[in-house]
Amino acid sequence: MMLAAPVIAVAATLLVGAALFTLLGHDGPGAVYEIFVKTLFNPYRWQDLLVKAAPLAMTATGLAIGFRANVWNIGAEGQYILGGLAGTGVALATLDMTGSWILPAMFVCGILGGMAWAAIPALLKTTLGVNEILSSLMLNYVAIQILYYLMRGPWKDPMGFNFPQTAMFTADQTLPMVVPGTLIHLGVPLAAAVALTAFLVLARTVTGFQMKVVGLAPKAAAFGGFGAASTVWIALLAGGGLAGLAGIIEAAGPFGQMVPQFPTGYGYTAIIVAFLGRLNPLGILLAALVLALTYVGGESAQTTIGLPSAATGVFQSMMLFFLLAADILVRYRIVSGRPAHAGVPAAEAAADTAAKPKAKAVTA
Amino acid sequence: MGAAARAPRLELKAISKRFPGVVANDHVSFAVPAGAIHALLGENGAGKSTLVKIIYGVQGADEGEIAFDGERVQISSPREARALGIGMVFQHFSLFEAMTVLENIALGMDEPPPRRELEARVRQVLDTYGLSLDPYRHVHTLSVGERQRIEIVRALLQQPKLLIMDEPTSVLTPQEVEQLFETLRRLASEGCSILYISHKLHEIKALCQSATILRGGKVVATCDPREESARSMAELMIGGSLKALSDKSGAAKGEARFVVASLSAPGEPPFGTSLKDVSFEVRSGEIFGIAGVAGNGQNELMAVLSGETGKGVTGSIHLDGAELSRLSVGARRRAGLASSPEERNGHAAVPAMSLADNAILSARSRMGLASGGVIKAKAARDYAAKVIEAFSVKATGPGAAAGSLSGGNLQKFVMGREIMQNPAVLVVSQPTWGVDAGAASFIRQAMIDLAAKGACVVVVSQDLDELLELCDRLAVINEGRLSEPMAVKGISIERVGLLMGGIHGVGQAGAKPEAGVRRPTADARQPEPAL
């Protein structure tokens, strides 16, 4: 049933989305058809899907590692920006050079940049007990300001007519296309490889085991010798590193330079991807394609049927909402109980709970 | 009391209750006369709890009928049960730690009277039954025995005609048990019937006039416990003859192998107990017991010994001369220190994971279930299978989820997982808590066998009988302090009880014997199986 929840959520999103846009005066079923169906049957759009899905899958894979251990990194957007910036720094320093080492160097710095940004909430969490949800989320806004500063100040292209953006990357700094004549760049197979690797790491290594145990039973994890601090560090560095890699892949791929419009919410959407993919890297590959569909389909629906650009966000949010609702309803069933009132003896309440395990349907 | 002339206070006629896959009660019939103290005896899973829930209206019976004072009744909620005059004291208290006694009592009532009136009534009940309890104390400052008194007062305020006590003595000191028995005898003499649920046979022999023994949901015997031996009742309970534990034959020898010296640690806020200067030594082959009432620092001691708590810990832990107290959990395991905490689900084992995965949890380094950070799935399955086999764990196999096992079977698996790693020291808390008699005896034997091989075994338990049966020496923990160790042979139960209750003076030479403290149970110390 846990695997059915994402399917139910997607179906509910389509139905409610259609109803919602009808009520708003649009052609609701038409919008759903335009976004989710027509895009799928247009082979030309498939490459767009893959290119959008790659950074989503990569970021979501990193997040899922932490989410499994109940470390809630909401800062993938900032880590994605910092990864992009760190890689861009390498690119700007090597504009006059050539060599096949430049792109890997950009990747490495992108990963390190994302990790460095994620290390801040990790350090705060492990030393001061600061909630990582808040610290990682707030750092997203800091990251955006750093981006704006660099674009308008030190990193502005001197030949760029005062536009706030860097110089275009050179050929050695740009991702090669893996399928000639299409938009499908190196990042796409790389994302698949990352997901497969993560799948093996989670399933076969002690570290993957640690993440799972911490998430399922924190006290058992301590008993098993898995320290809480090491878990937080692994979770945030994995999330930050992969978000950073996704960042530099976007910068060195579709963008080809760094611009203020670089953050497009992938870091947030990746949270939805991670949950829709059941925190399983293979599921995440599939979920990334579904969410990429909302981006690609949403864009084309803007031009073809004049749907507002917010439609993409609405569909994405509904998907998360319905997924969470489906998860709850798969686990529990609704019972119409007596209204609780003050004065119900505590003992009775306790006994009632103990005696009615059936009310909480157990799932596999 | 003229009870013979009247209908019994409570009569059950052919009560049956089925759950998917199991018959919890199978045509259970018995009667409790007015003013009688009747024991309901059985192993875990024998159907005692279900039966009591049916009587108290928490669950409905599938078949059968209940008569109360001769009239057939339908009890469909605890409120109706209370209206009939049935009171119940649960094994696990439902108290709010941050509130006062009086507030807790008011919260537990269907229609609480105004505070002054309630206080007057509470004080009257306390006086009548000679219970000492301050209505304005906050619950978190009370001992477990005092907390239980709140529950008893709650029940007595309704002037019950039948009081159900579910395992009431499992967390009490021997002295508190005797006080409780006084109260119950007094209640019974006033005509209140008492249904006393327990598996502690010597208590039942001391307190009850009649007993119904359940096994597998069926009544297997009704007897007068005063005329039965503890052994005969135990065998009725488990439905077979009880295997005696092999003799320990003084395996303890040589120098101290596991030495804990002046260990102190802060307690977990808000209500944790801090450890204060705990020291003890265990020799090779020795089983060392730590007795005490729950919440006196046992969990903290376990966490400090296993390495799960490291913050603010001072003192030293030496194993074969090597200092362990600065090492991580994993390093301590590799050094030969195995542990098994009190809580199985979610602490010693992950319920949602398979037994093979649970083997990886604590046996991966010593048993080579992982190398170079990569898990060896087959080795883990094989080790889990070996544990299942050697400890006769009832499970479908290494792939079975830990949560699908019964408490006793999971405990056997957890103990087997630790013992089969052949540790130099095994530290266990409540090794047989909630485990049926057969499994408990098996687990105890496994610990004795481990000690016989030269290991040190430290057993933390609230079950004094278990410690007396198992240990060579024992010490008592109270408010985070450990008493001087005492040899179990010739031990004074009074002294242990007083130490459990927090009277430290008696440990010193020349302390005057406490007057007026009676032995808790007259025949408690005959060699008998601890259940």
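Not measured: the values here are computed from a predicted model.

(A) Quick peek at the confidence of the model for chain B. Per-residue pLDDT for chain B has a mean of 85; in total, 89% of the residues score no lower than 70. Under the prediction, the complex receives an ipTM of 0.81, its pTM being 0.77.

(B) Representation of the pairing of strand β19 (residues 425-429) of chain B. Residue and element names in this part refer to chain B. A large share of β19 lies buried, amounting to 5 of its 5 residues. Side chains Val 425, Val 427 and Ser 429 project from β19 onto one buried face, and the interleaved Leu 426 and Val 428 project onto a second face that is buried too. Sheet topology places strand β16 (residues 337-340) next to β19; 4 bridges connect them, and they run parallel. Looking across to β19, one finds that Ser 340 is bridged to Val 428. Of the crossover connections in this fold, the one passing from β19 over helix α14 (residues 437-452) to the parallel strand β20 (residues 456-460) is right-handed.

(C) View of the domain arrangement of chain B. Residue and element names in this part refer to chain B. Taken domain by domain, chain B consists of domain 1 (3-238) and domain 2 (253-491). One C-alpha centre belongs to domain 1, the other to domain 2, and the line joining them spans 34 Å. On the side of domain 2, 12 residues touch domain 1, which itself brings 13 residues to the contact. A total of 3 residues in the side of domain 1 that touches domain 2 trace back to one element, the largest contributor, which is helix α8 (residues 230-238). Taken together, the residues of the side of domain 1 that touches domain 2 break down into 5 nonpolar, 6 polar and 2 charged.

(D) Fine view of the environment of Ala 439 of chain B. Residues and elements named next belong to chain B. Of note, Ala 439 is situated in helix α14. Under the C-beta neighbour-count criterion, Ala 439 is labelled buried, with 25 such atoms within 10 Å. With 275 residues separating them along the chain, Ala 439 and Ile 164 place their C-alpha atoms 27 Å apart. What Ala 439 contacts, discounting residues up to four positions off in sequence, is Gly 408, Gln 411 and Lys 412.

(E) Expanded view of the interface of chain A and chain B. Chain A puts 23 residues into the contact, and the matching count from chain B is 34 residues. Listed by contribution, the elements that provide at least two residues to the side of chain A that touches chain B are α8 (206-216), α9 (218-223) and α14 (346-355) of chain A. At 7 residues, the largest contribution of residues to the side of chain A that touches chain B is made by α14 of chain A. Of the residues in the side of chain A that touches chain B, the class split is 14 nonpolar, 5 polar and 4 charged.

(F) Region of interest: helix α6 (residues 132-152) of chain A. All names here are of chain A. The end-to-end C-alpha separation of α6 is 30 Å, in line with the 30 Å expected for 21 residues at 1.5 Å each. For α6, the full list of buried residues reads Glu 132, Ser 136, Leu 139, Asn 140, Ala 143, Leu 147 and Met 151. For α6, the secondary structure elements touched by its buried residues are α4 (76-93), α5 (102-128), α10 (228-255) and α11 (266-276).

(G) Here's a closer look at the sheet that holds strand β1 (residues 10-19) of chain B. Residue and element names in this part refer to chain B. Taken together, 4 strands build an open sheet; the order of strands is β2-β1-β4-β5 and the sheet is antiparallel. Sheet topology places β2 (22-32) and β5 (71-73) at the edges, where each strand pairs with a single neighbour. The average undirected angle you get between the axes of adjacent strands in this sheet is 30°. The pairing of β1 with β2 spans 7 bridges and is antiparallel. Paired with Leu 10 across the strands is Val 32, a residue of β2.

(H) Up close: the environment of Thr 314 of chain B. With respect to the helices and strands, Thr 314 of chain B occurs in strand β14 (residues 314-319). Between the C-alpha atoms of Thr 314 of chain B and Val 374 of chain B, which are 60 residues apart in sequence, the distance is 35 Å.

(I) Up close: the pairing of strand β6 (residues 86-89) of chain B. All names here are of chain B. Side chains of β6 alternate between two faces, with Ile 86 and Met 88 and Gly 87 and Val 89 buried alike. Both β6 and strand β7 (residues 162-166) contribute to a ladder of 4 bridges, which runs parallel. Note that in β7 the partner of Ile 86 across the bridge is Leu 162.

(J) Looking closely at the nonpolar core. In this structure, Ala 57, Val 273, Ala 274 and Ala 288 of chain A together with Val 457 of chain B are the most contacted members of the largest nonpolar core, which totals 268 residues. In terms of residues, this core owes the most to one element, α10 of chain A, which gives 14 residues. Each of domain 1 (3-238) and domain 2 (253-491) of chain B contributes no fewer than three residues to this core. In this structure, Ala 288 of chain A is in contact with Ala 53, Leu 56, Ala 57, Ala 60 and Val 273 of chain A, ignoring residues within four places of it in sequence.

(K) Highlighting the packing of α4 of chain A against α11 of chain A. Residue and element names in this part refer to chain A. At their nearest, the axes of α4 and α11 sit 6 Å apart, and the two run at 130° to each other. Taken together, the axes of α4 and α11 are oblique relative to one another. As α4 runs across α11, the sense of the crossing is right-handed. Contacts between α4 and α11 involve Ala 76, Glu 77, Gly 78, Gln 79 and Tyr 80 on the former and, on the latter, Tyr 266, Gly 267, Tyr 268 and Ala 270.

Conventions used here
Residues numbered from 1 in each chain as written. Chains lettered and ligands numbered in written order. Predicted model: local features only at pLDDT ≥ 70, side-chain atom pairs only at ≥ 80, totals over all residues. pLDDT = per-residue confidence, 0-100. Buried ≥ 20, exposed ≤ 12 C-beta atoms within 10 Å, placed from the backbone. Helix = DSSP H or I, 4+ residues; strand = E, 2+ residues; numbered from the N terminus. Pairing = 2+ DSSP bridges. Right-handed = clockwise from strand over helix to strand, strands pointing away. Domains from an automatic or database assignment. Contact = placed C-beta atoms within 7 Å. Nonpolar A, V, L, I, M, F, W, Y, C, P; charged D, E, K, R; others polar. Expected span 1.5 Å × (residues − 1). Axes fitted to C-alpha atoms, helices over the stretch in contact; angles between N-to-C directions. Core = buried A, V, L, I, M, F, W, Y, C linked by C-beta atoms within 7 Å. Parallel < 35°, antiparallel > 145°, perpendicular 65-115°, else oblique. Left-handed = near helix turned anticlockwise from the far one by under 90°.

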